[in-house]
Amino acid sequence: MTTLVNASKHEGVLVLELSNPPANTYSYEMMKQLDAHVLDARFDPDVHVLFITGSGEKFFCAGADIRMLEKADPYFKYNFCLHANETLCRLEQTPKLVIAALNGHTVGGGLEIALACDLRIARREAGKIGLPEVSLGVLPGTGGTQRLARAVGRARAIEWMAEGATFSMDEAKGLGLVNQVLDADADRFRAAALEFARKFTPPAKAARAVGLIKRAVTTGLEVGLEQGLALERELQQRLFEGKDAAEGIAAYNARRTPQFSGK
């Protein structure tokens, strides 16, 4: 079987590299491999952050493999989209931080993958980002219509998708599509993005708390305030029962005690 998602661990970070030259387009086979790695990461206590990027220098991902879709019948296409949606939902719901490192063009389904991640880090002048599917007579069908609207609001999402608009990475940051743009060349970008990702791994951060913050926000946005607050309380209680919270609270009190005792 051809490896379409290269996986490697780097100090608590699981790097998942989409690899299908020249544009790292995804197929059912690639999504199956990505899905399997996401499940493995869920069960691996040594993985604290998932880091998704593309192979090469020009593309993060240009979306679905159009040649594959051209040959497929409607029954296959429907189930292909269903499985891709399920895979990205699993990625989105995994209680570990997921970072997309946009090393090149991030268009169509490539942006849909990135939108299912928690943070998006881009290389300056790496290429274009957007959802231009309307030019093919279709809509962004791997969560784009839903996640883009949640990210930037209803009106802008409809406008950009209806126009098939694409933006530079710097423009995307200003529009709220990208969290950070790194001023690094192609050779240095992955190392710089990995350095950013390691800020969210122990001992720099309590990774379990980061993961449950993600779960509280992701699920809370989809339910009412009361249900979201109830979820927040339950997740907080899980953290109170863990080692990180006990150690963190004790260390905080130890730092504060001399101040309040007048010493």
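Described in the following lines is the structure provided in the data block. What you see is a predicted model, and the numbers here were worked out from it, not measured in a lab.

Topic: the overall build of the protein chain
Part 1: Of the regular secondary structure elements, the protein chain holds eleven helices and ten strands.
Part 2: Relative to its length of 263 residues, the protein chain is compact, with a C-alpha radius of gyration of 20 Å against a globular reference of 18 Å.
Part 3: Judged by the C-alpha coordinates and their principal axes, the protein chain covers about 75 × 45 × 40 Å.
Part 4: By residue count, 45% of the 263 residues in the protein chain fall in the buried class.
Part 5: When the accessible surface of the protein chain is split by element, carbon and sulfur atoms take 55% of a total near 14,000 Å².
Part 6: Each charge class in the protein chain was averaged separately, 32 positive and 32 negative side chains, and the resulting centres sit 4 Å apart.

Describing the state of the cysteines
Part 1: Applying the stated criterion across every chain, the model contains zero disulfides.
Part 2: The structure places no disulfide on cysteine 89, whose sulfur is separated from the nearest cysteine sulfur, that of cysteine 117, by 13 Å.

A word on the packing of aromatic side chains
Geometrically, a pair of aromatic rings is defined through the distance of the ring centres and the angle of the planes.
Part 1: Tallied over the entire structure, the rule returns five aromatic pairs.
Part 2: Seen in terms of ring centroids, tryptophan 160 and phenylalanine 167 are 4.9 Å apart; in terms of plane orientation they differ by 65°. Their pairing is edge-to-face. With respect to class, tryptophan 160 is no different from phenylalanine 167; both count as buried.

What to know about the environment of proline 45
Part 1: Here proline 45 is to be found in the loop between α1 (28-43) and β3 (49-54).
Part 2: When the C-alpha atoms of proline 45 and arginine 208 are compared, they prove to be 9.9 Å apart, with 163 residues separating the residues in sequence.

A word on the environment of glutamate 133
Part 1: By the element assignment, glutamate 133 lies in the loop between β8 (128-130) and α5 (144-152).
Part 2: Taking the C-alpha atoms as reference, glutamate 133 lies 30 Å from arginine 215; in sequence the two are 82 residues apart.
Part 3: Apart from residues lying up to four places away in sequence, glutamate 133 is in contact with Gly108, Gly109, Glu112, Val138, Leu139 and Pro140.

Digging into the pairing of strand β7 (residues 119-123)
Part 1: For β7, a buried count of five out of five residues is recorded, marking the element as mostly surrounded by other parts of the structure.
Part 2: Along β7, one buried face is formed by Leu119, Ile121 and Arg123 and the opposite face, lined by Arg120 and Ala122, is buried too.
Part 3: With four bridges joining them, strand β5 (residues 97-102) and β7 adopt parallel strand pairing. Bridge pairing in β7 links leucine 102 to alanine 122.
Part 4: Strand direction decides the pairing type here: β7 and strand β10 (residues 180-182), joined by three bridges, are parallel. Bridged to arginine 123 within β10 is leucine 182.

Looking at the environment of arginine 256
Part 1: With respect to the helices and strands, the residue arginine 256 is situated in helix α11 (residues 243-261).
Part 2: Judged by relative accessible area, arginine 256 falls into the partly exposed class, the value being 29%.
Part 3: Sequence-wise, arginine 256 and aspartate 73 are 183 residues apart; in three dimensions their C-alpha atoms are separated by 66 Å.

As for the sheet that holds strand β4 (residues 59-61)
Part 1: Overall, mixed pairing links the four strands, which are arranged β4-β6-β8-β9 in an open sheet. Both edges of this open sheet fall to β4 and β9 (166-168), since each of them pairs with a single strand only. When the angles between neighbouring strand axes are averaged without regard to direction, this sheet yields 25°.
Part 2: Looking at chain direction, β4 and strand β6 (residues 105-107) are connected through two bridges and run parallel. Looking at β6, one finds that phenylalanine 59 is bridged to histidine 105.

Conventions adopted
- Residues numbered from 1 in each chain as written.
- Predicted model: local features only at pLDDT ≥ 70, side-chain atom pairs only at ≥ 80, totals over all residues.
- Heavy atoms only, no water.
- Helix = DSSP H or I, 4+ residues; strand = E, 2+ residues; numbered from the N terminus.
- Rg over C-alpha atoms; globule rule 2.2 N^0.38 Å.
- Buried < 20%, exposed > 50% of the residue type's maximum accessible area, 1.4 Å probe, protein only.
- Areas by Shrake-Rupley, 256 points an atom, 1.4 Å probe, with all protein chains shown as cover.
- Lys, Arg positive; Asp, Glu negative; His and termini not counted.
- Charge placed at Lys NZ, Arg CZ, Asp CG, Glu CD.
- Disulfide = S-S within 2.5 Å.
- Phe/Tyr/Trp six-rings, centres within 6.5 Å; stacked < 30°, edge-to-face > 60°.
- Contact = heavy atoms within 4.5 Å.
- Pairing = 2+ DSSP bridges.
- Axes fitted to C-alpha atoms, helices over the stretch in contact; angles between N-to-C directions.

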